[in-house]
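Structure assessment
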Amino acid sequence: MAVAEDVCTETTGATALGVPAASAMAVGTAAQEVGLKRGEFAIAVHLGLIRLMVPQNGGRPMVGRDEIERLRSQDGFPETLRERVRTVGTAEGARRLGISPDRFTRFARAGCLTPITFYLNRYRAIVWLYLADELTGFAAREPQLLTGRSPGWLRDRLEGGADCRAGNWRSRRVERLLSLTEDPWARVAVLADTLDPVQLAEVVDDPYERAYVARLRPEPAFGPTGPVWARETMAHLMRADEPDELLWRRVNLIMELDNAREVRPAPRPGGDRRAIPSPGSERAPAPDPRGDADADADARSRSRSRSGPESDLVPGVPSSVPPSPCPGPGPVHAPTGAAEPVVGLLARIGLRRRTSRETNRRQSPPRRATFGE
């Protein structure tokens, strides 16, 4: 039994409106109205051909009746709409390009073709699907690749074991979802899906922010479908697995997270919406002036008891000024009340790496001395 991938219908960036029941319909009903299957309707939403609306009081997204009328008024409806969302597999795609299925797979693995969706067959294997229109465009742009020997760069990439299908599909999905929303925390939620929980905790180290991001993650318009193992496969495909892509996703997530924190803080328990400091920018608590005055008085009394009245502090030098400490290896914090230095992106990454090395050093057992030391 095939399990279709139903993730292209995320409602990130959908219009939040008070949708009356008489002017909107469920996505399942809308798919029947325009003559599309569930998978085709999902692709149409993903490509921006159909716009969803989210009720203000929450709930599943809906499609306005004016949107249905707009689609019906287009020339060639519904054949034109159905052709724009038509997908083909490897065998049919190879026939369209006039090449063998093996050569088609090589093009896809090398990154020349980008899948639009996938499904899992009865053996739980991933079957990638491609837009038929994009294959036609590829044949018109790159006719030299369809005949003769493959170029050297393509052979070298395949000999190195490259398989760009999952990465290209993931990048396409992330870029589309980011283009659908301007909300900073929703953008953070989109990028958070590309990291596993351990790496996400390293970047978003505040648990309340992670909980808030988890609530904002886009969901399929048709709801979670398929068995648990199919959803686990979907979650696995969404996570970056190459070192270069991992670094790129982490850097983008850090920048989006900094922007979201500047716009508004994540909600805290009990309605506490105080500003959340960025990692590494915590300030020391302000000193209590009464405690400093008591400490100075005690220091003066002890000094007089030891050395007499002539050994009093030098006039004109404030006794509360501590001696200048030697700079240590750790980060230098600005004094209370002064402007803190802005921690750059590369500095933050380096700080995390140094912190992890120090943590591993503390957790590692002491080295035994060898003979002769």
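For the structure given in this document, a descriptive report is provided here. Everything numeric in this text was worked out from a predicted model, so none of it was measured. (Residues numbered from 1 in each chain as written. Predicted model: local features only at pLDDT ≥ 70, side-chain atom pairs only at ≥ 80, totals over all residues. Heavy atoms only, no water.)

**Comments concerning the overall build of the protein chain**
Secondary structure summary: the protein chain contains 16 helices and 8 strands in total. Within the span of the protein chain, comprising 373 residues, buried residues form 36% of the whole. Once local pairs closer than 6 in sequence are excluded, the contacts in the protein chain between residues at least 24 apart make up 75%. (Helix = DSSP H or I, 4+ residues; strand = E, 2+ residues; numbered from the N terminus. Buried < 20%, exposed > 50% of the residue type's maximum accessible area, 1.4 Å probe, protein only. Contact = heavy atoms within 4.5 Å.)

**A look at the packing of helix H9 (residues 165–179) against helix H10 (residues 184–192)**
Interhelical geometry of H9 versus H10 gives an angle of 170° and a closest axis separation of 10 Å. With respect to H10, the axis of H9 lies roughly antiparallel. Residue-level contacts link Val174, Leu177 and Leu178 of H9 to Arg187, Val190 and Leu191 of H10. Along the lines of polarity and charge, the residues of the contact of H9 with H10 split into 5 nonpolar, no polar and 1 charged. (Axes fitted to C-alpha atoms, helices over the stretch in contact; angles between N-to-C directions. Parallel < 35°, antiparallel > 145°, perpendicular 65-115°, else oblique. Nonpolar A, V, L, I, M, F, W, Y, C, P; charged D, E, K, R; others polar.)

**A short note on helix H12 (residues 207–216)**
Listing the buried residues of H12 in full gives Glu209, Tyr212 and Val213. Projection of H12 onto a plane perpendicular to its axis shows the buried side chains occupying an angular sector of 100°, all on one side. Against the buried residues of H12 lie H10 and helix H14 (243–263). One side-chain oxygen at the N-terminal end of H12 lies 2.9 Å from the backbone nitrogen of tyrosine 208; it belongs to aspartate 206. (Arc of directions from axis to C-beta. Polar contact = N/O pair within 3.5 Å; in protein donor to acceptor, adjacent residues only side chain to side chain.)

**So, the nonpolar core**
Grouped together as the largest cluster of nonpolar side chains are 50 residues, with contacts concentrated most on Phe104, Phe107, Leu113, Phe138, Trp185 and Leu253. Sort the elements by how many residues they give to this core and H10 lands first, with 6 residues. Excluding its chain neighbours within four sequence positions, the residues that come into contact with tryptophan 185 are Glu209, Tyr212, Val213, Leu216, Leu257, Ala260, Arg261, Arg264, Pro265 and Ala266. Counting residues in each nonpolar core, the second largest holds 20 residues, with Val27, Ile50, Val63 and Ile116 among its members. (Core = buried A, V, L, I, M, F, W, Y, C linked by side-chain atoms within 4.5 Å.)

**Structural notes on the environment of proline 207**
Residue position: proline 207 is located in helix H12. The spacing of proline 207 and arginine 268 is 61 residues in sequence and 10.0 Å in space, taken between C-alpha atoms.

**As for H9**
Over its 15 residues, H9 runs 21 Å from end to end, which matches the ideal 21 Å to within 8%, given 1.5 Å per residue. Among the residues of H9, those classed as buried are Arg165, Ala166, Gly167, Trp169, Arg170, Arg172, Arg173, Val174, Leu177 and Leu178. (Expected span 1.5 Å × (residues − 1).)

**Quick look at the pairing of strand S7 (residues 117–120)**
Put simply, side chains in a regular strand alternate between the two faces of the sheet. In terms of strand pairing, S7 meets strand S8 (residues 126–131) through 4 bridges, oriented antiparallel. In the strand pairing of S8, leucine 120 is matched with isoleucine 126. Here S7 folds back onto S8, and the loop between the two strands holds 5 residues, one of which, arginine 124, carries a positive phi near 60°. (Pairing = 2+ DSSP bridges.)

**Quick notes on the pattern of salt bridges**
This model, assessed by the stated rule, comprises 18 salt bridges. Here aspartate 206 ties to arginine 268 by a salt bridge, and the two come within 3.1 Å at their closest N and O atoms. With aspartate 206 in the loop between helix H11 (197–203) and H12 and arginine 268 in the loop between H14 and helix H15 (289–307), this residue pair connects regions lying 62 residues apart in the sequence. Residue classification places aspartate 206 among the buried positions, given a relative accessible area of 13%. The residue glutamate 209 makes a salt bridge to arginine 261 at a minimum N-O spacing of 2.7 Å. You can see glutamate 209 sitting in helix H12 and its partner arginine 261 sitting in helix H14, a full 52 residues away along the chain. (Salt bridge = Lys/Arg side-chain N within 4 Å of Asp/Glu carboxyl O.)

**As for unusual backbone geometry**
Cis geometry marks the peptide bond from phenylalanine 77 to proline 78; its omega dihedral reads 0°. Checked against the element boundaries, proline 78 lands in the loop between helix H3 (65–72) and helix H4 (79–84). Even without a glycine there, the phi angle at arginine 124 is positive, about 60°. Of note, arginine 124 is situated in the loop between S7 and S8. Residue classification places arginine 124 among the exposed residues on the basis of a relative accessible area of 53%.

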